[in-house]
Every structure is written in structure tokens, then in C-alpha cells.
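# Structure assessment
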Amino acid sequence: MKRSEIIKIDRENIWHPFTQMKDYENSEHVVITRGKGVKLFDIDNNYYYDTVSSWWTNVFGHGNKHISHNIRSQLNSLEHVIFAGITHPYAAKLVDLMNRFLPSELSKYFFSDNGSTSVEVALKMAFQYWQNLGKTSKTKFIFFENSYHGDTIGAVSVGGIDLYHKLYKPLMFNSHQVKSPICRQCIFRKNRFTLNGDTGCNCECIDEVERLIEDRSEEIAAVIIEPMIQCAAGMNIYNGIFLKKLRDLCTQNDIILIFDEVATGFGRTGKMFAFEHVGIIPDILCLSKGITGGFLPLALTVTTKTIYDAFYDDYFSYKTFFHGHSYTANPIACSAAVGCLENFIKKPIEKYKSGMEKLKDAAIMMSEFDFVSDVRNIGFIAAFDIINPYSGKPFPAKERVGLKIYHESLKNNLILRPLGDTIYWMLPVNIRKIDIEQIYNKTVKSIKNVIEGYSWLRS
Ligand SMILES: Cc1ncc(COP(=O)(O)O)c(C=O)c1O
């Protein structure tokens, strides 16, 4: 198909996700036809750096040879099979490899096919666990302001971003929202966030959730949190001490702790899983996105034998977990995930230090600009906010500076996807230093070009 035909059909018939389609009245979607490493190529063969790892899914760059080899050979034997009453070697192989990366406490794997469903599974599992045990009052969830766990109604019910979630309130089940540990905007103003992520504080911000848990433990089924970093919130990195305290509170008050590592899993934060930064273990772990290296949709909700055992009974006890999806444990997706894990076995995440260090250097350099504030970095993620260099304050939202930077980035062979006015890079673990340099230079150029358009603000 020609570019013009694709654009015509796209314009007439396609409704893109998280997109105000009117924004494309006078511009067009980029038509991407292939990818290699950290670069994507459009139909006219222009390249773009994929600085957002294609919605945080891509782990080893586009077209990773080992993963695509696994998929190819899987295609020769089985494309799909029902996963109730039947199992297959590809699911078993995947779980066997996962066991090498997860602590032995997390040993029971429930398959689904995207991040939101992995969260739905976790919420229903936590709820039913208490029902199966006869503790029927434990029905509520605690979640954090600015959190994002997906777009299905259960996930939205524990979502804390007003822009995405508020409208759907009448559809949601009641949950308790508490303040997030946003170190860069510390409400105690005790410590400013540092680029190391170490604020040196003792997480006084745990107070609110502590009080809620202690007052209402009888009604709380579970707490759900994105460990170490709230990604969709604008890459809010926070102090891991918060998680340690939360783990203790949940254990002491008989509450399930759910870690949503849909975005952070598979090396993104510099560890295989973000919870490894603090050496604690959740009761339920949600995984997706990077699990297949960014090739195919797949998700896992991993839990403990204790939770699993509460569902294990004679059929007529009606303790079965009645949940499943048509494409549960799709063999081709499993083969991609096996490829991804084999890559990590061949070269563990600790061996990708040089990319992480280079990214940190780029983040430090970024912090020198007067149009940048609150630079933050963890592993292969770096983020900063764009501010008005003349006033030192954020731009008014109506300026849509982030969107302008996105459009400008495309002219500079770069795909940035700002979250509001937060610019971030989320990069594959095997990115080369030279590519990070290019991404840095092109990002600076794109932002400067937009900021120059505001030079009238100087006067
Ligand atoms: C932490 C977290 N949880 C869940 C999801 C939802 O995943 P999906 O878009 O695959 O449904 C996302 C997506 O960005 C996420 O960042």
C-alpha cells in the first residue's frame, strides 16, 4: 500500500488509543514499516529513535534475532490451543525459566494477555482469596494517587490519575486512594529528590497509608502499587524504604501486597524486577509488556502457594478461580517470552551497566539546562520536566508544550512521547552508547526549537 492510501484509511476508519483524533486534523500519523535495534523506519525509509521502547514493551531493540527465531520455529508446530484442560511445553518452559528469576515464594503462575488483565486477575484473586477463607469483610483495595494500572474497569478502579480515571467513577468499585511517595515534590519538604533516587529520608509519607491500614485492616483485601517508579504518572521515582515499610504493614495487618511490574519488569529499572532494589517480595506480582521482549501480547500474574492453596478444594466448595481469556498462554507468545528470558540468561541484566551509566550521564547533562527541572533516573529510564526558562515555572497546560516537543522530535528523527510536559526516555537494555548520545543531542535540539518559539516570554 502507498503511504497516501494508508493515511486515507487511517483518517477515515481508525481510532487510535489515548489520542484526541482532532489533534491529527492537520497532521498525520507516522507510518512505520520496520524496526531494527533502537530505530524505527517509516514507509519513506526515514529513521526514528524509539525512545519509548514502543509503549515500554521493547527490551532488546526491534527485530531481536533470538526472539524472532523462537517465534519462527514455534509457528511450525502450534499457533494456539485452549489452556483449560490442556497444557503445552511452551508454557512449561516459560515458567521453568521464570522460576530462575523469581524468588521461590512466587511459584504459581496465572497467564493472561496484557498488563490490564494481569491487574484484573490480581485484584480478583486477592478479593476471592479472602472470600474463600471466609474473611468476607475484606473486600476493599488501597491504591496510590497518580497510579496507573491499566484501562479495564477493575484497573481503572485502582487508578489515581484524574485525567484518565475520574470520568469513569460511576462505573468503578469503591477503593481507598492514598498519597503517593513523590520524592521530587516531597510534601514534608525534607529532602529533595536526587539523581540517585536516594533521598536519604525515612519516608514519613507512609503515614497516611499506615493510619488507613491500621484503622481498617478488617475491610482491606490488598494494596496495589507500582514499585520504585510510577511510570504513567510522569516517571515518579521514589525511595524504596517506602516499599519496605509497606511490606511490613501489609504483613502485620493481614493484607495482600500486589506489585504491578507491568512497566518495570524485565530489566527496565536496572534489575530484573524493581522489587529487587529493596529485597522484599510481594504476595502477587503483575507482569506483561517486556515479557516477550516487545514482540507479542502476554501477561503473568504470579503468586504464592499460600494464596493458591485457598482456591484448591473439591469442586463443590466453589472456590475455583473462574477467570480466563481466549488467548491465555498463547504458545507463540510463550515462545517469544522464552526467547526474552534466554537472552537474559545468556547476558544477565547486571552486565548491561555501560548503557545505564551512559543514560545517567545524559540525564545529568540534561539537568544543566534552564528549561529543565527535576531530572530523575533509574536503570534504563530517565525523565525530566520542561519549565519556562524565564520564570522557572511550569508552562500553562493550554500551551501543550509536551505535544509541541513530540511533533518537533519527529522532525529530528526521534520519537518522544511526553507525559504532559514530562519528557522521558525508556530505552532497551542493550542500547549502544552512541545511540544514547544521538538521542540526547536530538532531544536537546527538539526542545530548544520549541522553547525558542517562546522567546517573547523573556520580555
Ligand atoms: C504499571 C502498569 N500497569 C498496567 C498497565 C496496563 O498495561 P496494558 O497497556 O498492557 O493493558 C500499564 C500500561 O502502561 C502500566 O504502566
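Here's what I pulled together on the structure shown here.

Conventions used here
- Residues numbered from 1 in each chain as written.
- Predicted model: local features only at pLDDT ≥ 70, side-chain atom pairs only at ≥ 80, totals over all residues.
- Heavy atoms only, no water.
- Helix = DSSP H or I, 4+ residues; strand = E, 2+ residues; numbered from the N terminus.
- Rg over C-alpha atoms; globule rule 2.2 N^0.38 Å.
- Buried < 20%, exposed > 50% of the residue type's maximum accessible area, 1.4 Å probe, protein only.
- Contact = heavy atoms within 4.5 Å.
- Areas by Shrake-Rupley, 256 points an atom, 1.4 Å probe, with all protein chains shown as cover.
- Lys, Arg positive; Asp, Glu negative; His and termini not counted.
- Charge placed at Lys NZ, Arg CZ, Asp CG, Glu CD.
- Pairing = 2+ DSSP bridges.
- Axes fitted to C-alpha atoms, helices over the stretch in contact; angles between N-to-C directions.
- Core = buried A, V, L, I, M, F, W, Y, C linked by side-chain atoms within 4.5 Å.
- Domains from an automatic or database assignment.
- Salt bridge = Lys/Arg side-chain N within 4 Å of Asp/Glu carboxyl O.
- Near = heavy atom within 4 Å.
- Polar contact = N/O pair within 3.5 Å; in protein donor to acceptor, adjacent residues only side chain to side chain.
- Expected span 1.5 Å × (residues − 1).
- Arc of directions from axis to C-beta.
- Phe/Tyr/Trp six-rings, centres within 6.5 Å; stacked < 30°, edge-to-face > 60°.
- Lys NZ or Arg CZ within 6 Å of the ring centre and 35° of its normal.

### Regarding the overall build of the protein
Along its length, the protein carries 14 helices and 16 strands. The C-alpha radius of gyration computed for the protein amounts to 22 Å, which stays within 12% of the reference 23 Å derived for 459 residues, consistent with globular compactness. The dimensions of the protein, computed from C-alpha atoms along their principal axes, are 70 × 60 × 45 Å. Out of the 459 residues belonging to the protein, those deemed buried represent 55%. Taking the intrachain contacts of the protein between residues at least 6 apart in sequence as the baseline, contacts between residues at least 24 apart amount to 71%. About 21300 Å² of surface is accessible on the protein, with carbon and sulfur atoms providing 52% of the total. Taking the average place of the 53 positive charges on the side chains of the protein and the average place of its 50 negative ones, the gap between the two points comes to 5 Å.

### Let's talk about the sheet that holds strand 14 (residues 381–386)
Spatially, three strands are ordered 13-14-16 in an open sheet, and the strand pairing comes out antiparallel. Single-partner strands in this sheet number two, and they are strand 13 (372–378) and strand 16 (422–426). In this sheet, adjacent strand axes meet at a mean angle of 10° when their direction is disregarded. Note: strand 13 against strand 14, five bridges, orientation antiparallel.

### Digging into the environment of V119
You can see V119 is positioned in helix 5 (residues 115–132). The class for V119 is buried, based on a relative accessible area of 0%. Considered as a pair, V119 and G154 are 35 residues apart in the sequence and their alpha carbons are 7.8 Å apart.

### Considering the nonpolar core
Counting 82 residues, the largest nonpolar core has M98, M235 and F344 as its most contacted members. When residues of this core are assigned to their parent elements, the largest contribution, nine residues, is made by helix 11 (residues 331–346). Shared between two domains, this core holds at least three residues of each, these being domain 1 (31–63 + 352–458) and domain 2 (68–346). Setting aside its immediate chain neighbours within four residues, M235 contacts W56, I229, Q230, R376, I381, A383, L419, Y424 and M426.

### What about the pattern of salt bridges?
The tally for this structure, following the rule as stated, stands at 19 salt bridges. Its salt-bridge partner being D44, residue R3 comes within 3.6 Å of it at the nearest N-O pair. One end of the pair, R3, is in helix 1 (residues 3–13); the other, D44, is in the loop between strand 2 (39–42) and strand 3 (47–50), and 41 residues separate them in sequence. Under the relative-accessibility criterion, R3 is labelled partly exposed at 33%. Under the relative-accessibility criterion, D44 is labelled partly exposed at 47%.

### Looking at the site of the ligand
Taken together, W56, N114, G115, S116, Y148, H149, G150, E226, D260, V262, A263 and K289 make up the full set of residues adjacent to the ligand. Here N114 contributes a side-chain N or O atom positioned 3.4 Å from an oxygen atom of the ligand. Contact distances for the ligand include 3.1 Å between an oxygen atom and a side-chain N or O atom of K289. Taking 390 Å² as the accessible area of the ligand by itself, protein coverage stands at 84%.

### Points about helix 9 (residues 241–252)
When the terminal C-alpha atoms of helix 9 are compared, their 17 Å separation across twelve residues agrees well with the 16 Å that a helix rising 1.5 Å per residue should span. Buried within helix 9 we find F242, L243, L246, R247, L249 and C250. Buried positions in helix 9, seen along its axis, are confined to an arc of 165° and lie on one side of it. Opposite its buried face, helix 9 presents the exposed residues T251 and Q252, each directed more than 90 degrees away.

### With respect to the packing of aromatic side chains
A complete count under the given rule lists 24 aromatic pairs for this structure. The interplanar angle of 75° and the centroid separation of 5.3 Å between the aromatic rings of F266 and F273 together place this pair among those described as edge-to-face. Connected via pairs of aromatic rings, a cluster forms that spans F18, W55, Y148 and Y164. Over the ring of F41 we find R34; its NZ or CZ atom is 4.0 Å from the centre of that ring. Above the face of the Y308 ring, K108 is positioned so that its terminal group lies 4.1 Å from the ring centre.

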